[in-house]
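The chain contents come next:
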Amino acid sequence: MVIHMKILRLSLFNLRKNRREALAIVFLSLITVFLLGTAVTNILGMDNTYDECFRQTGSFMNSLEFDADVYRSLYRDILEEDFGIEETQKFDQLFGISVNVLYKSGEKVGYNIQIVTQESERKLEDFVMEDSLSDDEISELEHPIWLPMAVHLNGGFEPGDTFTMIIGGRDYPFTVAGIYNAGLGNESGFGYRLVISDRDYELLRNVFSEQVCLAFDTEERFDTDAYIDECEARSSENLSSNLSAHTYWSEKGNETNFVTLFMSLSAVLAGVTMAASVLLIRHKISNDIEDQMQQIGVLEALGYRSNEISCSYIFEYVITTGIGSVLGIIAACAFSPVMDSFVGGLMGRVIHRFPEVIKIIAVAALVVAVTTLFALLKARHIKKFPPVVAFRKGIKTHSFRKNFFPLEKTGNSINVRLAFKSFFRNIMTNIGTGLCIVLAGTAMMFAVAGWDFFKDSDALLHCLGIEIADERIQPLDGVDAYELADELLAFPGVRKTMVTYNIEHVSVVGNRSETFAMVYEDFSETENIFVSEGRLPEHDNEVAISLKRHNTDGLNVGDSITLEGDGTRKSYVITGIVPAMGNNGMNIYMTDEAFLRCNPNARPNVVEVFLEEGVDRAEFERQITGVYGASAQDAAEADSQGCTLEDRIRSTADAQMATLISRYGVTDIDYAIVIGDQVITGRSSGFVIKEMNSFLELSKTQLEPIANMFKVFCGAGAIFVSIVVAAILAIIAASNIRRQRKDLGIMKSMGYTSKDLMKQLALSMLPTTVVSSAISIVIGSIVYKLFWVVGFGCVNNPNLPIMIITAILLVVFCYIVTYLAAGKIKQVSVTELMTE
Amino acid sequence: MSSVLKTEKLCKSFSNGGVQQHVIKNLDLEIVKGDFTVIMGASGSGKSTLLYALSGMDKPTMGKILFNGEEIQDMSNDQLASFRRGNCGFVFQSIYLLENQTVLDNVLTGALIVQKNSPELVKKTKELLKKVGIKEELWNKYPNQLSGGEAQRVGIVRAIINNPTILFADEPTGQLNSASGKDVLDIFTEVHKNGQSIVMVTHDLKTALRGTRVLFLRDGNVVGEYRMKNYGEDDMKERRTGLQNFLDEMGW
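Residues numbered from 1 in each chain as written. Chains lettered and ligands numbered in written order. Predicted model: local features only at pLDDT ≥ 70, side-chain atom pairs only at ≥ 80, totals over all residues.

1. Examining the overall build of chain A
Put simply, the rule reads: In this description a helix means any DSSP run of H or I spanning at least four residues, a strand means any run of E spanning at least two, and both kinds are numbered starting from the N terminus. Any residue with 12 or fewer other C-beta atoms within 10 Å of its own C-beta is exposed, any with 20 or more is buried, and the rest are partly exposed; the C-beta atoms used are placed from the backbone. Residue pairs are scored as contacts if the distance between their C-beta atoms, which are placed from the backbone, is within 7 Å.
Each helix and strand counted, chain A has 27 helices and 24 strands in total. Taken over the C-alpha atoms alone, chain A extends approximately 125 × 60 × 50 Å along its principal axes. Expressed as a percentage of the 836 residues in chain A, the buried residues total 49%. A separation of at least 24 residues holds for 82% of the contacts in chain A among residues at least 6 apart in sequence.

Here's what the structure looks like:
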C-alpha cells in the first residue's frame, strides 16, 4: 500500500511536471467520451426514442392509401380475412405531390402532402397537440390548419402564422391553428399530413387527388407485396401503381436514417480521436521511459519492481483519461438537450428524454480501460531494463545505428540537415505519429470532401439518378404528349422538353423489392442519369440498373433480368449500372420501346420541361395557364366570380368540367346553356393539362436540409479534427523537447538560436506529415467513395484538387503547430536545458 | 594587451523559494587577449555561474559585460545565441556530446552553424580530431562508444573548430582519470600556445597550473589574483609552489 502511494505520488509529480501534455490528453479523452457517449447512446437508443414518440401519438402502425377510383371494399375484407387484421379504420385523404408552400421567409418550397379532416385524423391517431391556439381563437379562423411537428421544425411555423399553399399559381392561405405530434405523415418522402376543416377539405377535393386509406396495427412489418398480390389476384386489377403503403417501419427508416448516419460519423470521429490518443500515449510512454531511464534504474536499484514502476506510468494515464472521461460524461449529459434538439430536428419530432448516464459511463469506462490496456502494454517494456542497463540509458544508446544524412555532405542549411537526421533517428516514433496523423487526416479529408460537395446545396440532386426537370406536366388523357412537348418547346425560356411516363412500378421477377422504371425515348438526351459502368440502354431488349440493385442483387452488366409490368414478363440484358440515390436507389432505366414490351397498354403521360437559366418557374406556369387555361385541378376549384353573368356561368361550367376530367376520368365534354335568348356554349378541349408540379422544387425541399446539415457537420468535423491534430502535435512536440532537452541545450550553447531549434523540430515532423497527408488523401478518397456507394448507392468522387489543397494546408498547419509548440524551447535557458 | 572581455559591477542572483541568493556580487573583471585565465574557488563560490554569464549562456541580474567592447547583458536569448556562435567555444565538465550523433557530426554540428560546408572545413575538422588523438576509426562512432577522455577531446575540437574569441571550459577534467585529464590539459596548453584566449573554471591545482592567470573567487567576487608565465614542463616545481602559496594565502 505504501509502495502504491509512493508510485501514485510519482505519477502525480510527472503530471504536474508535464501539465500541458496532461491537459491535452484530458482534452482528447473528454472529446472521445463526449462524442462516443453521445453517438452510442443515440444509436442504441434510437429505436426506443422513436417508438416512444410514435406511441405517444396513438397512431395506427400501417396506412394503406388507395387511389379513390380503384378502391374496392374487397380490399378491406382481404385485410381482415387473409391477413388476420382485427381492427381497420377507413378514412379519406387528399394527396398532392410537390405542392408549393410559402415559408415565413418568403422562400417557396415543394412538399408532398396528405390532407385530412379532424375526424379522419382522429381515426388514424389521437391527434395529440404540442401547441395550439385557444378553442375560441380557432373558432374564429376562416381556414384553420394543424401542422405536424416536422413542418413546424422545418418551416418554423407557429400557431397563428399564415401557412400558404400555392397550386397552379394560386395562393391558398391557411392560419396555423396548432402543431400536433403525428405518428405517420411526419416526413417529406411519404408526405406531411395536414389537418384542415371539413369545409376546406371539401373545397380542396377538386384540387388534389383523393385517396381512401385503411389504417390498422400489426405486430410485424406488414407484407405489402403479398397483400397487393392477393388483392390483384382477387380483383383482377393492377394495384401496384395505385396503392402506397405507409407504415411505422418505413416512416421510422426514413426519419432515423440520417440520425443514425450522423451519429455513426460522430462515432467514427470519436474512434479516430481515441485511436490517436492511444497511439499518442504509447509514443509518450516510450519517450518518457527513454527520458527517465536513469531514474528507472535508480528506482530499480532501490528495490522497486519493474511492475511497480510500470504502474507509475499507467496511473498517469488512468488519472488523465479518468479526469477527461468524467468531464466527457458531464459534457455528454449537459449537452444532451442540445443533442436531443439536433436529433429531434433530423427526425422532425420533439424528443423529451433523460440523458442515458449509465450508457455514457459505460462508454467512459471502456475508453479508460482501452487506454489503460495500451498504456500497460507499452509500460511493460520497463521489464527489459534491469538497473545496470537502465543506468546506461537502455539498450538503445548501445546500438550501432546507421548514420543517416552525415553532416559532411550538408548542403545549404544545417537546420534542414539536422531535422532530417532527427527524422530518421526517430523513425519508429515517427511511424506512430504518422499513424495518428493518417487517422485524423483521413477524417479531415472525408470532412472536407463532404463539405466541398455539400457547399452546393443542389449537389445532391446530381446523385439522384433521376432527371430533374423544372416542370413536370401531366396532360389529360387523350392529349398527345409528344404534340404537347413540341408546343411547350416553342415557349420562350424553354430549353428542352422530354416525354416520359409517370414514375411507373415494374417488378423484377424473383425479387419483391419495389422498382421504379425511368423511361426515356433516347437516354443520350438525359442530363442527370449517368453510368458508372457499361452504357445506358439503346434498344428494346436492354435496361440499365441502379448501383444499389447491382450491389444487393449481385447483377452485373451482361446479365439478364426479367421484368413484369402490366401482367407481361419480358427478359432484358443489363447494359449499364447507374449510381442513383432517388427512389431508394431501386430504379430500372429503359427506353420507351423496352418499357412497352412489358407494359403494352402504357402511353406516355408526362412532359418534362427544362427551362433556360434564369427563367422564373412561376412566370412560366403563368404563361402555360394563359395558353392552356388553368390545369384541370386548378380550374375545378377556381372562384366562380366573374364580372358579368356570362363570365360567372362560364367559370362555373369550366369548374364542373374540370371536376369531371380530373376526378372521374371524363375525356371530352361539350355544353350549351340557354339563358333567355342567350346561349352560352363551351367544350373541354381547352383543358390540356391535368397536373403540373416541379420535381426540382420537391427534391430541393427534401435534400436541402440534409445537405445543409451535412455541410455544417463536415465543416465542424474538419475544425474538430484540426483541433485533435493540433493537440496531438503539441503533445508530441512537448514530449520530444523534453526527451531532447539536453541536446537542445548543448546546441544552444553552440550558438543555435531557439528559432533554429524550433525550425529543426518542426522540419523533423515534415516528412511524417507530408507522407501521412498523402496517405490520408488516398484513404480519405476510398472511405468517401465507399460512404456514398454503400450508404446511398451512388458514385461520388471527391474533389481531388480540394483534397490536395487540404493536404497541403494540413502539412502547413502541422508545421506551424509544431513550430509554435516547440516555442517552449525559448523559455528555457541553455543552462537549464542542459542541467534540468 | 587588449581586453576581450570585461565586466562592470556584475551581479547574478537566484530566487530560491522567494529568498534571493546573490551568487555574483558587483564583480569587476577583465580578460586580456591571449590569456589563459583560471578561475578557482570553493564549491558554491560562483565559479560556474560566472563562466556561464561571461560566455553569454546566462544573463546577469545586473551590471555590464563587454565583449570586445560590445555590451551583451541586454541581448535577447537568440541574440546571445548568435553572439556565441563566433565568439565562444565551450568545454563542459559533463562533456555534453550529442549522443545521437557521430564524432564527426558532433564537431560539424558546431561548425556548420557558423561556417558554410566545404571540403576545407571537413578537412580541418578531421585534422583537428587527428591532432587531439582521435583516430579515423572513431570518427563515425557514437559518444557512448568512446572513453571519457576521447569524448572530452572531441568536445574540445567542437569548441575550437570555429576559432572562437574565447574558449570557456568548466572543469574539463572533472570526470576524467588522471591520464586522460593530462592529455586533455595538454591540448588546452597547445591551443593556448597558438594564441587562443581561454577562461577555465577548476578546483584542481594541477589543472590550474596550466593557466597564466589565476583568479580566486569567494562569495561571488574576485578576492585574489596570481600571475604565471606560460606553461612549461621544466618550471613545474616553481609554478606549483607559487600557486600553492597563493591558494594558501586565499584560504584554499
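2. Comments concerning the overall build of chain B
A tally of regular secondary structure across chain B gives eight helices and ten strands. Referenced to the eigenvectors of the C-alpha coordinate spread, the extents of chain B come out at roughly 50 × 45 × 40 Å. Counting the 252 residues in chain B, one finds 48% classified as buried. Put simply, of all contacts in chain B between residues at least 6 apart along the chain, 70% involve residues at least 24 apart.

3. Some remarks on the packing of helix H3 (residues 103–111) of chain B against helix H5 (residues 148–160) of chain B
All names here are of chain B. What counts here: A fitted line through C-alpha atoms serves as each axis, taken over the contacting stretch for helices, and the angle formed by two N-to-C directions is quoted from 0 to 180°. Here the word oblique covers every angle except those under 35 degrees (roughly parallel), over 145 (roughly antiparallel) and from 65 to 115 (roughly perpendicular). A clockwise turn of the near helix away from the far one marks a right-handed crossing, whereas an anticlockwise turn of less than a right angle marks a left-handed crossing. Classification used: nonpolar for Ala, Val, Leu, Ile, Met, Phe, Trp, Tyr, Cys and Pro, charged for Asp, Glu, Lys and Arg, polar for all others including Gly.
Where H3 meets H5, the axes come as close as 8 Å, and the angle between the chain directions of the two elements is 25°. Relative to H5, the element H3 is oriented roughly parallel. The crossing of H3 and H5 is right-handed. Every residue of H5 that contacts H3 at Val103, Asn106, Val107 and Gly110 is listed here: Val154, Val157 and Arg158. Residue composition of the contact of H3 with H5, grouped by class: four nonpolar, two polar and one charged.

4. Section: the packing of helix H9 (residues 248–291) of chain A against helix H13 (residues 357–379) of chain A
How two helices sit against one another is set out by the angle between their axes and by the gap between those axes. Residue and element names in this part refer to chain A. It is at 9 Å that the axes of H9 and H13 come closest, and there the two elements cross at 30°. It follows from the interaxial angle that H9 and H13 lie roughly parallel. The handedness of the crossing between H9 and H13 is right-handed. Seen from H9, the contacting residues are Met274, Ser277, Val278, Ile281, Arg282, Ile285 and Ser286; seen from H13, they are Val367, Val370, Thr371, Phe374, Ala375, Lys378 and Ala379. Each residue belonging to the contact of H9 with H13 can be placed in one class, and the counts come to nine nonpolar, three polar and two charged.

5. Comments concerning the confidence of the model for chain A
Let me state the cut-off plainly: Confidence of the predictor in every single residue is expressed as pLDDT, which spans 0 to 100.
Of all residues in chain A, 91% attain a pLDDT of 70 or more, and the chain-wide mean is 83. Within the model, pLDDT remains below 50 along residues 638–642 of chain A, and this stretch shows eleven contacts once partners closer than five positions in the same chain are excluded.

6. Overview of the domain arrangement of chain A
Let me state the cut-off plainly: Where each domain starts and ends follows an automatic or database-derived domain assignment.
Domain assignment breaks chain A into domain 1 (1–60 + 267–399), domain 2 (61–254), domain 3 (430–463 + 703–836), domain 4 (502–603) and domain 5 (630–687). Inter-centroid distance (C-alpha atoms) of domain 2 of chain A to domain 4 of chain A is 31 Å.

7. Observations concerning the interface of chain A and chain B
Opposite the 26 residues of chain A that make contact, chain B presents 27 residues. Tallying contributions element by element places helix H23 (residues 695–750) of chain A first for the side of chain A that touches chain B, with six residues. For the side of chain A that touches chain B, the per-class residue count stands at ten nonpolar, ten polar and six charged.

8. Points about helix H2 (residues 19–57) of chain A
Residue and element names in this part refer to chain A. Spelled out, the test is: Each residue after the first adds 1.5 Å to the expected span of a helix. Bend is computed residue by residue as the angle between axes fitted to the seven residues ending at the residue and the seven residues starting at it.
In this model, H2 (39 residues) spans 53 Å end to end at C-alpha, consistent with the 57 Å of a helix rising 1.5 Å per residue. At Gly45, H2 is bent by approximately 55°, the largest bend along its length. Backbone geometry just after H2 places Gly58 at a positive phi near 65°.

9. Thoughts on the nonpolar core
Residue and element names in this part refer to chain A. For clarity, the cut-off: To count as a nonpolar core, a set of buried Ala, Val, Leu, Ile, Met, Phe, Trp, Tyr and Cys residues must be joined through C-beta atoms within 7 Å.
Counting 249 residues, the largest nonpolar core has Ala440, Val543, Tyr589 and Ile728 as its most contacted members. Among the elements that make up this core, the one with the highest residue count is H23 (25 residues). Membership of the second largest hydrophobic core comes to 36 residues, among which are Tyr111, Leu147, Ala177 and Ala182.

10. Topic: the confidence of the model for chain B
Residue and element names in this part refer to chain B. Confidence in the prediction of chain B, expressed as mean pLDDT, is 89, and 100% of residues score 70 or more. The least confident element of chain B is helix H2 (residues 77–87), whose mean pLDDT is 86; the most confident is strand E8 (residues 197–201), at 94. Both confidence scores are given for the complex: pTM 0.74, ipTM 0.86.

11. Observations regarding the sheet that holds strand E24 (residues 689–693) of chain A
All names here are of chain A. Condition: Two strands qualify as a pair provided DSSP detects at least 2 bridges between them.
Across the sheet, which stays open at both edges, the four strands sit in the order E13-E21-E12-E24 with antiparallel pairing between neighbours. Of all the strands in the sheet, the pair left with one neighbour each is strand E13 (494–500) and E24. Across the sheet, the mean angle separating the axes of adjacent strands is 20° when strand polarity is ignored. Sheet strands in contact with helix H17 (residues 481–489) are strand E12 (471–475), E13 and strand E21 (606–611), and its direction is about 175° off that of E13.

12. A look at the environment of Phe60 of chain A
Residue and element names in this part refer to chain A. By secondary structure assignment, the location of Phe60 is in the loop between H2 and strand E1 (62–67). By the C-beta count within 10 Å, which is 22 here, Phe60 ends up buried. Ignoring any residue separated from it by four or fewer positions in sequence, one finds Phe60 in contact with Gln89, Leu124, Glu125, Ala215, Phe216 and Asp217.

13. Looking at the pairing of strand E2 (residues 88–102) of chain A
Residues and elements named next belong to chain A. The pairing of E2 with strand E10 (residues 209–216) spans eight bridges and is classified as antiparallel. The residue of E10 that forms the bridge with Phe95 is Ser209. In this sheet, strand E3 (residues 108–117) lies alongside E2 in antiparallel orientation, the contact comprising seven bridges. Bridging across to E3, Leu94 finds its partner in Ile115.

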